[in-house]
Amino acid sequence: ALHKKAADSLHIRKFTRGKAQVAGGKYVDVMYTKLSYVTVGPYTKKNLMAGIIDYNGKSAGFNGLLGMNFLKNLKYEINFEKQVIIWKP
């Protein structure tokens, strides 16, 4: 998922509109797009679907959420104290 401001900075113009259910059960408006690639740490995944959400509120300090469509089949650990992903071989 990308915050709309981040998507705007990437000049994403091709998307479809829909709804997504968030953790609390509420439905929010979302725009879906296919990203040509996403690189995080040593990994790159191609042709990933992403939801673009219009984030409102206090600055979250990040521009979206890394989804399971990227993380699946990868070995990793999350260090919550340092707020980093540790990639495993």
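Residues numbered from 1 in each chain as written. Predicted model: local features only at pLDDT ≥ 70, side-chain atom pairs only at ≥ 80, totals over all residues. Heavy atoms only, no water.

Draft legend 1. Expanded view of the overall build of the protein. Each helix and strand in the protein was counted, giving 2 helices and 6 strands. Taken from N to C terminus, the helices and strands of the protein fall in the order β-α-β-β-β-α-β-β. When its C-alpha atoms are laid out on the principal axes, the protein stretches across 40 × 30 × 25 Å. A buried classification covers 20% of the 89 residues belonging to the protein. Contacts in the protein between residues far apart in sequence, at least 24 positions, make up 32% of those at least 6 positions apart. Of the roughly 7100 Å² of accessible surface on the protein, 55% is carried by carbon and sulfur atoms. (Helix = DSSP H or I, 4+ residues; strand = E, 2+ residues; numbered from the N terminus. Buried < 20%, exposed > 50% of the residue type's maximum accessible area, 1.4 Å probe, protein only. Contact = heavy atoms within 4.5 Å. Areas by Shrake-Rupley, 256 points an atom, 1.4 Å probe, with all protein chains shown as cover.)

Draft legend 2. Representation of the pattern of salt bridges. Scanning the entire structure with this criterion turns up 3 salt bridges. Where Lys19 meets Asp29, a salt bridge forms, and the shortest distance between an N and an O atom there is 2.6 Å. Pair noted here: Lys19 is in strand E2 (residues 16–21) and Asp29 is in strand E3 (residues 27–40), with a separation of 10 residues, a long-range link. With its nearest N and O atoms 3.3 Å apart, the salt bridge here joins Glu77 to Lys88. Here Glu77, found in strand E5 (residues 76–79), pairs with Lys88, found in the segment after strand E6 (84–87); they are 11 residues apart in sequence, far enough to count as distant. Its relative accessible area of 34% is what places Lys88 among the partly exposed residues. (Salt bridge = Lys/Arg side-chain N within 4 Å of Asp/Glu carboxyl O.)

Draft legend 3. Molecular detail of the packing of aromatic side chains. Using the criterion set out here, one finds 2 aromatic pairs in the structure. On the basis of an interplanar angle of 65 degrees and a centroid distance of 5.2 Å, the ring pair of Tyr43 and Trp87 is categorised as edge-to-face. Here the residue Tyr43 occupies a position in strand E4 (residues 43–53), and Trp87 occupies one in strand E6, the gap between them amounting to 44 residues. Exposure remark for Tyr43: the relative accessible area of 24% places this residue in the partly exposed category. Among the aromatic residues, those joined into a ring-pair cluster are Tyr43, Tyr76 and Trp87. (Phe/Tyr/Trp six-rings, centres within 6.5 Å; stacked < 30°, edge-to-face > 60°.)

Draft legend 4. Looking closely at the environment of Val22. The topology assignment puts Val22 in the loop between E2 and E3. Note: C-alpha distance between Val22 and Ser36 (14 residues apart in sequence) is 25 Å.

Draft legend 5. Here's a closer look at the pairing of E5. As paired elements, E5 and E6 share 4 bridges and run antiparallel to each other. Note that in E6 the partner of Ile78 across the bridge is Ile85. As consecutive antiparallel partners, E5 and E6 are separated by 4 residues, and within that stretch Gln83 has a phi angle of approximately 60 degrees, a positive value. (Pairing = 2+ DSSP bridges.)

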